[in-house]
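Okay, here's what each chain looks like letter by letter:
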Amino acid sequence: MKKSSTFCLYRLVILCFICFTVLPSKAQNVTPVSLDSLSFRQLDSLFSNTQNSNFDSLELYAQKMLQIARNENDIAKKNKAFYKLALAYKRQGKKAKTTQAIDSLALYASKANDAYMLSNCFNLRGNVSYEEGNLEAAFSHYEDVIEVSKTLEDSYMSLVALNNIALIKKELQTPKKALIDAKNALKGFMEEKEAYSEISALHLVSELYLDLYRENSNPAYLDSTLQNVNLGLKKSKAYSDTFGYYLFLSTKGQWLQETNQFDEALQVFNEVAAYFKDKKDDKWQMFMYLYLGRLYDTLQQPKNAISVLEKASDILISKDFHFNDTSEIYLLLTKNYFYVNDRKKAEYYLEKYKKLSDKVQHDNRNLYAKLHNAYNVSALEKKISLIEEKASFYQKIRFVIIFGSICIGIIALIFYRKNRINRKKLALLLEKGAVPRKSVAPAIQNAKIEDAEVQRILSSLAQLEEEEYYLTQSCTLNSVAKKIDTNTSYLSKIINEHKGMSFANYVNAYRIDKVLTKLKAEKKYQKYTLKYIAEQFGFSRHETFSRVFKKQTGISPSNYLKKIKNDNL
């Protein structure tokens, strides 16, 4: 009995030794010797479990997987090994080796006619192009993912492509459109129980809500940002996704800055920057320096701003990144060197800002046209519909009958009263040729403004009105901020304080005023369709134009046109 107990104890000690020496932990790297006893499947599992927390070991796992695949001459295992190797190199920022691994994956995936791995190959190529700033190439690769994934039984790769296209739309400064795609991808990942992909999509959703807040200052978007960030922090902890955790923390820092909690934001940004520096993640390290630069600029600490922004500039130059936000690095450097009276450096970075900004905007215009004309979401919608729960046919019919009955009753009661009001408003519009609303843009010369920077911004806004820049579809809060050399948060604040409205309402009010003037003064515009009129005055969709027109005037544009035409007979 004693011998048996001793033997069991001995086996227990040996088992514990194997667990602590063979299986990796977050703090301990696995040596090549300890990997020899592991199977291909075990190595694959180790890679998946540590891909967002222990970057240093990923290449070791993938190389060992490739060695086993070659020894067994198993083409399916070679595909998976090259895929994991490409991911490992990408995490480490090794561009040349990443491209080489992707090319090998493409070769073996084509030989094996493996549609799933081939779609992964195109997705990786899209990710590489995206990080290089070549959004058009990235979009093309994601289109290939969608095309190849049509032959797959599940919708996972279509969801991946959808989420990545949402990233491109974010870069194109169309957050509302991007948010629709990102939310659909998130819902799909949750249904598929793809934890890491779910975290990635959730982070994109939180960033897009923040973009929407910066675009129109609606506090509801700030609330949605915080709600999604807190959920993401919780989920990334639950799934041991350290990388995802710090991404959400970076967004939390931006939320803290937007809510004027500057000390807390500074603490968070420094913590996240230290993490990405330790992981040698150049892209996110650069973005953290940019976020710190924005914060120091807001706090009017030019020396601190210059210190971190110079680090961001060094990474930008060495890695040749071309994201939309990267041009802001040079703009902030220009501004802060001006504050410390270093005119030479200010002029140097202003020139770099103009060159990079022009290139990014030119590339984005080309891609936006391609996205608008070529991107067909029907394939994605079919894939997504497979995993979405739909209401039954009879539930829909019941809802339509009840809702329709209520609507008919309400319409019958208000129809006559509404027509009377509309006729009065039409008469007023036709008489005055302008929008019957309160003055929303105080004259600059009458405003008592002490701050020279505010005066400069308001003058620049007036100049853009004269140039009719607001009638272009490329006019966004971001583009206007860049044109007048300021940041989006400050510009939004100035417009709210001195124009009495959000940026979106300010631009839309200007556009509708122009529409009314043209329709009254030039009869040729009365012959055009609403879609054409909308496009001519800066609206990308005629539905948006109709909604804004009616909100501002109280009358639909179609009724207004009809009345003008009748009066001209």
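Everything below is about the structure shown above.
The rules behind each value
- Residues numbered from 1 in each chain as written.
- Predicted model: local features only at pLDDT ≥ 70, side-chain atom pairs only at ≥ 80, totals over all residues.
- Heavy atoms only, no water.
- Salt bridge = Lys/Arg side-chain N within 4 Å of Asp/Glu carboxyl O.
- Helix = DSSP H or I, 4+ residues; strand = E, 2+ residues; numbered from the N terminus.
- Buried < 20%, exposed > 50% of the residue type's maximum accessible area, 1.4 Å probe, protein only.
- Axes fitted to C-alpha atoms, helices over the stretch in contact; angles between N-to-C directions.
- Parallel < 35°, antiparallel > 145°, perpendicular 65-115°, else oblique.
- Left-handed = near helix turned anticlockwise from the far one by under 90°.
- Contact = heavy atoms within 4.5 Å.
- Nonpolar A, V, L, I, M, F, W, Y, C, P; charged D, E, K, R; others polar.
- Phe/Tyr/Trp six-rings, centres within 6.5 Å; stacked < 30°, edge-to-face > 60°.
- Lys NZ or Arg CZ within 6 Å of the ring centre and 35° of its normal.

Trainee: Please clarify how the pattern of salt bridges should be interpreted in this entry.
Mentor: Should their charged atoms come close, side chains of opposite charge can pair. What the rule picks out here adds up to 18 salt bridges. One salt bridge in this structure joins R214 and E258, with 2.9 Å as the shortest N-O distance. Residue R214 is found in helix α11 (residues 195-216), and its partner E258 is found in helix α13 (residues 242-258); the two are separated by 44 residues along the sequence. Of the two residues examined, R214 and E258, each falls in the buried class. A salt bridge links K524 to E522, with the shortest nitrogen-to-oxygen separation between them at 4.0 Å. One network of salt bridges, in which partners are shared, links D44, K80 and K84.

Trainee: Is there a simple way to think about the packing of helix α14 (residues 262-278) against helix α15 (residues 282-298) in this case?
Mentor: Two numbers describe a pair of packed helices, the interaxial angle and the distance between the axes. Close contact between α14 and α15 brings their axes to 9 Å; oriented N to C, the two are set at 160 degrees. Here α15 runs roughly antiparallel to α14, going by the angle between their axes. Considering the relative orientation of α14 and α15, their crossing is left-handed. Facing α14, whose interface residues are F262, A265, L266, F269, N270, V272, A273, F276 and K277, α15 presents W284, Q285, M288, Y289, Y291, L292, L295, Y296 and T298. Here the contact of α14 with α15 is composed, by residue class, of 14 nonpolar, three polar and one charged.

Trainee: Is there a simple way to explain the packing of aromatic side chains in this structure?
Mentor: A ring pair, where both rings are aromatic, is described by two values, the distance of the centres and the angle of the planes. Under the counting rule described, the total for this entry stands at 24 aromatic pairs. Pairing F545 with F549 gives two aromatic rings, centres 5.8 Å apart and planes at 65 degrees, and the pair type is edge-to-face. With F545 and F549 both in helix α26 (residues 542-553) and four residues apart, this pair spans about one turn of that helix. The rings of F243, Y245, Y246, F269, Y275, F276, W284, F287 and Y291 are connected pair by pair, giving a single aromatic cluster. Seen from the ring of F539, R511 lies directly overhead, with NZ or CZ sitting 5.2 Å from the centre.

Trainee: Any chance you could explain the packing of helix α9 (residues 156-171) against helix α10 (residues 175-192) here in plain terms?
Mentor: As a packed pair, α9 and α10 sit with axes 8 Å apart at the nearest point and diverge in direction by 155 degrees. In terms of their interaxial angle, α9 and α10 are classed as roughly antiparallel. In this structure, α9 crosses over α10, and the sense of that crossing is left-handed. For the pair formed by α9 and α10, the contact residues are Y156, L159, V160, L162, N163, I165, A166, K169 and K170 on the first element and K177, A178, D181, A182, N184, A185, G188, F189 and E192 on the second. Residue classes in the contact of α9 with α10 are distributed as 10 nonpolar, three polar and five charged.

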